[in-house]
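Next come the chains, spelled out residue by residue.
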Amino acid sequence: MQPTDTNNISSKANSSADHASLAAAPSKKLSKPSSRVRRRLKDAPPLAFKIDGLSHDGRGVAIYGNEFGVEDGHSEDKHGKKVFVSFALPDESVKVRLTNSRKSFEEGDAVELIANPHPERQTPPCPHFGTCGGCSLQHWQPEGQIAFKQTVLAELLEHQANIQPDNWLQPVVADRLGYRTKARMGVRYVAKKDTALVGFRERNSNFLAELNECHILDKRIGFELENLKSLISSLEARAHIAQIELAMGEAIPELKDGNQPVALILRHLEPLSKSDIDQLKAFFKARNWQLYLQSKGPESIERITLHDTDDVSEQFGRLYYQLPEFNLTYEFIPTDFTQVNLSVNRKMTKLACDLLDLKPGERVLDLFSGLGNFSLPLARLVGGEDGSQGLAIGVEGSDAMTVRAADNAKRNGINNTEFYNQDLTQDFSEQPWAQQGFDAILIDPPRSGAWEVMQYLPRFNASRIVYVSCNPATLARDTKALLEQGYRLTDAGVMDMFCHTGHVESIARFEKLQTV
């Protein structure tokens, strides 16, 4: 039985948040069982557990001896020991097949629902859920997932900064299936089955899952996996294709490469024959995809010409996405960082701008600015009717992305921007841009957060700060620093950027306290 094969029962979206304190999940290192433990647990019968709560990554948490006793396989010496259970929800009673055992905790998968199905439990939309490691929460209705993620953020803010926002924002939601436009997929040819595997790794394994479809990937790729597998299986070099990196944008036919909004980079370990290249070209041309081959490092990536109009004078073709709210079109290349969920990105940029409440003529700083995803909307808002008022400064650690941001500003007719290349984990206090004052600041750091930046914020003297985060733990840590520097947490919320996974995207607004 699939662990999540139960009826979809509707409930209030916020019911998931009404549970006890969340448990910290064990580290990935500790979650990897030894070969001895795997052998011992391989043929062990499933045990019954009552799910008492959830961990920060969305797994159920059970305790030996709670509701079930020695007669159910709960030996007395284990009573009180925690078990982290995938595919389980609070208050459910489930059969659990253990997959890891440590001195202080155990881990397992729910393989059978015994009683008390959670009202937000649903049948997973993808047939590969439970095997593929790409998703972890498809057994849970999306409204329950996002309410839980707000609970995660709230608890981390309370624990690390002893604070809650004045106002909780409504969750930002958009596409919840077929949303992922960036991914790196493994490839492996299995000679015994005479077929290629294409997709993500199995859960807690280095083996590739055998996928026929993916409901999280943009449907332009998610429902082409079977055809990709057949294509690779037919190649002479089928045993030497190791990876596919994909990037997708929006179709804008009037722009260069705009009618080819899907790009795939095939990593191959041996040179491809002319016959193989011809097969690849025919497959990609039929779908209007961009084809790239990579034999070694990133510098070896080469675009393969499919049409007479393809421009191969540069290493990469172009992809695009738009922010209609601000009349913006962004150009990027397949290896650039972009947000994986373009529908959420549209709402996220609008929300961030609304929270900053910018006025024409103001000065705004965008840290970790990338290709200008936030910088350009900010420039529009401070530019006024003629676009010449105010100034938006973007600072980014990647030189290539700094150039891309400036190009995107020029392409969109925006003249009130400046972009600088700077490693924001290092001292930047002597940089000319850092010696200026700003009315508002937007921060969108990587998972590690912006701890180093926090030390320099007071000199900018900004009255409003918006912090966009892909890691609520580092957001909570940096919130504490902002509070100590005289800021108030006015608003916070979560965004459904990574639906059906345990990843939490969040946003927070801070306001400078007035000094008497």
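Residues numbered from 1 in each chain as written. Predicted model: local features only at pLDDT ≥ 70, side-chain atom pairs only at ≥ 80, totals over all residues. Heavy atoms only, no water.

Caption draft 1: Quick peek at helix α7 (residues 375-383). The buried fraction of α7 amounts to seven of the nine residues, a majority that puts the element mostly inside the structure. Along α7, the residues classified as buried are S375, L376, P377, L378, A379, V382 and G383. Positive backbone phi, approximately 75°, marks G384, located one or two places after α7. (Buried < 20%, exposed > 50% of the residue type's maximum accessible area, 1.4 Å probe, protein only. Helix = DSSP H or I, 4+ residues; strand = E, 2+ residues; numbered from the N terminus.)

Caption draft 2: Looking closely at the environment of R411. For R411, the location among the structural elements is in helix α8 (residues 399-411). R411 sits 26 residues away from E385 along the chain, and the two C-alpha atoms are 18 Å apart. Within the local environment of R411, its side chain forms a polar contact with the side chain of E331, the two groups lying 3.2 Å apart. In terms of polar contacts, R411 uses its side chain to reach the side chain of N408, at 3.2 Å. (Polar contact = N/O pair within 3.5 Å; in protein donor to acceptor, adjacent residues only side chain to side chain.)

Caption draft 3: Expanded view of the packing of aromatic side chains. According to the stated counting rule, one finds 14 aromatic pairs in the structure shown. Seen from their ring centres, F283 and W289 are 5.9 Å apart, and the 75° between their planes marks the pair as edge-to-face. The pair F283 / W289 is uniform in exposure class, with both members buried. Taken together, a centroid distance of 5.2 Å and an interplanar angle of 25° make the contact between F428 and W433 stacked. As far as the burial class goes, F428 and W433 line up, both buried. Taken together, F428, W433, F438, Y456 and F460 form an aromatic cluster joined through their ring pairs. A cation over an aromatic ring shows up here: R238 above the ring of Y189, its NZ or CZ 5.4 Å from the ring centre. (Phe/Tyr/Trp six-rings, centres within 6.5 Å; stacked < 30°, edge-to-face > 60°. Lys NZ or Arg CZ within 6 Å of the ring centre and 35° of its normal.)

Caption draft 4: Structural detail: the pattern of salt bridges. On inspection of all chains with the given rule, the structure shows 32 salt bridges. Here D57 and R59 are joined by a salt bridge, their closest N and O atoms 3.2 Å apart. We classify R59 as buried; its relative accessible area is 13%. One network of salt bridges, with partners in common, ties together K256, D311, E314, R318, E331 and R411. (Salt bridge = Lys/Arg side-chain N within 4 Å of Asp/Glu carboxyl O.)

On their own, these measurements won't tell you what the molecule is for.
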